[in-house]
Amino acid sequence: MIQETIKLYGLFGDPVGHSLSPFFQNEAFKLLGINAVYFPFHVKAEDLAGAVTAIRHLQMGGVNLTIPHKEAVIPFLDKVEGDAALSGSVNTIVNRNGELAGYSTDGEGFLLSLQREADFDPRGKAGVILGGGGAARAVAFRLVQDGLAALYLVNRGAERAAVLREDLRKHLGFQAETVTSRAELEKTAAVADLVINATPVGMYPESQRMPEFPLEHCRPGCLVCDLVYRPLETMWLKKARELGFSVLGGLGMLIYQGMLSCQLWTGRMPDAEPLRAAVMRILDR
Ligand code: NAP
């Protein structure tokens, strides 16, 4: 019921039109029987400070952040907790009586997907992450905290990968490697248990593109993951599957990170399966 007692949540991003979060979170509220509504808000970078202030003034329960606000929002918050404080990337704000706290559920969302959908335990394993943006950072910090033994960072812009490597060393005392040359990439592929695409390469509408990584050098048993979920199976995952590797797409991460945001706001975690079915119905259209 749209009445005074309804709680307002939302997504701040630029663009926001592509996002499944409004559909997902409204389904989650419905499943939990919570009187709340979630709107997409197109917030430009220069309007972010004002939009964050509005969370307090409108007594919103909280918001999600997407591109390009995940890092830029930090100076406007009262506190930043857990993975967000480590990775410097916030995807969820919780409003507790006017105090705004920032969290990141991306890394844990990926980890839950990895454990529950691919039965993969990162402890003692070697991983490769392609990309150096917010998603790559969140996943890297989470996997290292969950016992990944070796991490190789591959990014188009070498500087961003070097910054991530330095931040992992500073905050977690973990020494990751940055990889640039083709020869190094082939050697890295040959020792990896897990390879993750955390770039938008291959995402709709550019679905024909693939990350530049020598999958054919990976060893048997390697798990190949893509954070992209549109299409559900990217060309890259299709190629990996054809080469005989296990694959994991980005849909599970989307679902789990959204469930974790919902839990931060409401104290309750919706079930994954009805949400997955609802999201699949939308993606099928
Ligand atoms: P981001 O902060 O913009 O970072 C993108 C990264 O990809 C940057 O490191 C960038 O390299 C690299 N990149 C961009 N275009 C490239 C290209 N053409 N070739 C090679 N590298 C390229 O984005 P993000 O938030 O990390 O998101 C990355 C991807 O993860 C997106 O596709 C997003 O949809 C997906 N994602 C999925 C979920 C989920 O729930 N499944 C959650 C979060 C993100 P430079 O540093 O050189 O610019």
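Our subject is the structure that appears above.
Source: prediction; values computed, not measured.

Trainee: For this particular structure, what's the right way to read the overall build of the chain?
Mentor: Scanning the chain from terminus to terminus reveals ten helices and twelve strands. Against the globule reference of 19 Å for 285 residues, the chain gives a C-alpha radius of gyration of 19 Å, in line with a compact fold. On the principal axes, the C-alpha backbone points of the chain span a range of 60 × 40 × 30 Å. For the chain, long-range pairs separated by at least 24 residues make up 70% of all intrachain contacts whose partners lie at least 6 apart in sequence. Put simply, the chain shows about 13,200 Å² of open surface, and 51% of that area lies on carbon and sulfur atoms.

Trainee: Help me understand the sheet that holds strand β10 (residues 194–197) in this model?
Mentor: The pairing of strands in a sheet comes from backbone hydrogen bonds and takes either a parallel or an antiparallel form. One open sheet holds the six strands; their spatial order is β9-β8-β7-β10-β11-β12, and the pairing between them is parallel. Every other strand in the sheet has two partners, leaving β9 (177–178) and β12 (246–248) as the edge strands with one partner each. Sheet topology note: the strand β8 (residues 150–154)/β9 ladder contains two bridges and is parallel. When the sheet's bridge partners are listed, L153 is paired in β9 with T178. This element, helix α8 (residues 235–242), spans β7 (126–130), β10, β11 (223–226) and β12 of the sheet and lies at about 170 degrees to β11.

Trainee: What should I look at first to understand the environment of V191 in this one?
Mentor: Following the sequence through the fold, V191 ends up in helix α7 (residues 182–191). Along the backbone, V191 and A54 are 137 residues apart, and their C-alpha atoms lie at a distance of 49 Å. Apart from the residues lying within four places of it in its own chain, the contact partners of V191 are A126, Y152 and R219.

Trainee: Explain helix α6 (residues 158–172) to me, please; I cannot follow it from the model alone.
Mentor: An α-helical turn contains 3.6 residues, so a residue and the one three or four places further along point in the same direction. The terminal C-alpha atoms of α6, which comprises 15 residues, lie 21 Å apart, in line with the 21 Å expected from a rise of 1.5 Å per residue. For α6, the full list of buried residues reads A161, L164, D167 and L168. Taken down its axis, α6 places every buried residue within 120 degrees of arc, on the same side. Exposed residues on α6 whose side chains face more than 90 degrees from its buried face are E159 and K170.

Trainee: Any chance you could explain the packing of helix α5 (residues 134–145) against α6 here in plain terms?
Mentor: A pair of packed helices is captured by two measures, namely the crossing angle of their axes and the spacing between those axes. Contact pair α5 / α6: the axes reach a minimum separation of 11 Å and the direction vectors enclose 35 degrees. Here α5 and α6 pass one another in a crossing that is right-handed. In contact with A136, R137, A140, F141, V144 and Q145 of α5, α6 contributes V163, L164, D167, L168, H171 and L172. A class-by-class count of the residues in the contact of α5 with α6 yields eight nonpolar, two polar and two charged.

Trainee: I tried to follow the pairing of strand β3 (residues 62–65) on my own but got confused; where do I start?
Mentor: Taken residue by residue, a regular strand's side chains alternate between the two faces of the sheet. Because side chains alternate across β3, one face comprises the buried residues G62 and N64, and the other comprises V63 and L65, equally buried. Inspection of the sheet shows strand β1 (residues 7–13) paired to β3 by four bridges, in the parallel sense. Across the sheet, L11 pairs through a bridge with N64, a residue of β3. Looking at chain direction, β3 and strand β5 (residues 92–96) are connected through three bridges and run antiparallel. Bridging across to β5, N64 finds its partner in T92.

Trainee: In this structure, what is going on with the sheet that holds strand β2 (residues 36–42)? I would like to understand it.
Mentor: Reading across the sheet, the six strands line up as β2-β1-β3-β5-β6-β4 and stay open at both edges, with mixed pairing between neighbours. Two strands close off the open sheet at either side, each with one partner strand: β2 and β4 (79–80). As judged from the five bridges shared by β5 and strand β6 (residues 99–103), these two strands associate in the antiparallel manner. Opposite V94, over in β6, you have A101 as the bridge partner. Most of the contacts of helix α1 (residues 21–32) go to β2, to which it runs at about 170 degrees, and overall it touches β1, β2 and β3. Sitting on the sheet, helix α2 (residues 48–57) is in contact with β1, β3, β5 and β6, with an inclination near 170 degrees to β1.

Trainee: Mind showing me how you'd approach the site of the ligand here?
Mentor: Every one of the 23 residues lining the ligand counts as a neighbour, but G132, A135, N155, R156 and G250 are closest to it. At a separation of 3.1 Å, an oxygen atom of the ligand approaches a polar backbone atom of G134. Of all the secondary-structure elements, those providing two or more residues to the shell around the ligand are α5 and α9 (251–266). Here the element with the most residues in the shell around the ligand is α9; it accounts for three residues. Looking at the shell around the ligand residue by residue, the classes come out as eleven nonpolar, nine polar and three charged.

Trainee: Honestly, the pairing of β1 in this entry has me stumped. Any pointers?
Mentor: Counting buried positions along β1 yields five of seven residues, so the element is predominantly enclosed. Relative to β2, β1 is paired through seven bridges, and the arrangement is parallel. Residue pairing in the sheet places G13 in a bridge with H42 of β2. In terms of handedness, the path from β1 via α1 over to β2 forms a crossover that is right-handed.

Cut-offs and rules
- Residues numbered from 1 in each chain as written.
- Predicted model: local features only at pLDDT ≥ 70, side-chain atom pairs only at ≥ 80, totals over all residues.
- Heavy atoms only, no water.
- Helix = DSSP H or I, 4+ residues; strand = E, 2+ residues; numbered from the N terminus.
- Rg over C-alpha atoms; globule rule 2.2 N^0.38 Å.
- Contact = heavy atoms within 4.5 Å.
- Areas by Shrake-Rupley, 256 points an atom, 1.4 Å probe, with all protein chains shown as cover.
- Pairing = 2+ DSSP bridges.
- Axes fitted to C-alpha atoms, helices over the stretch in contact; angles between N-to-C directions.
- Expected span 1.5 Å × (residues − 1).
- Buried < 20%, exposed > 50% of the residue type's maximum accessible area, 1.4 Å probe, protein only.
- Arc of directions from axis to C-beta.
- Left-handed = near helix turned anticlockwise from the far one by under 90°.
- Nonpolar A, V, L, I, M, F, W, Y, C, P; charged D, E, K, R; others polar.
- Near = heavy atom within 4 Å.
- Polar contact = N/O pair within 3.5 Å; in protein donor to acceptor, adjacent residues only side chain to side chain.
- Right-handed = clockwise from strand over helix to strand, strands pointing away.

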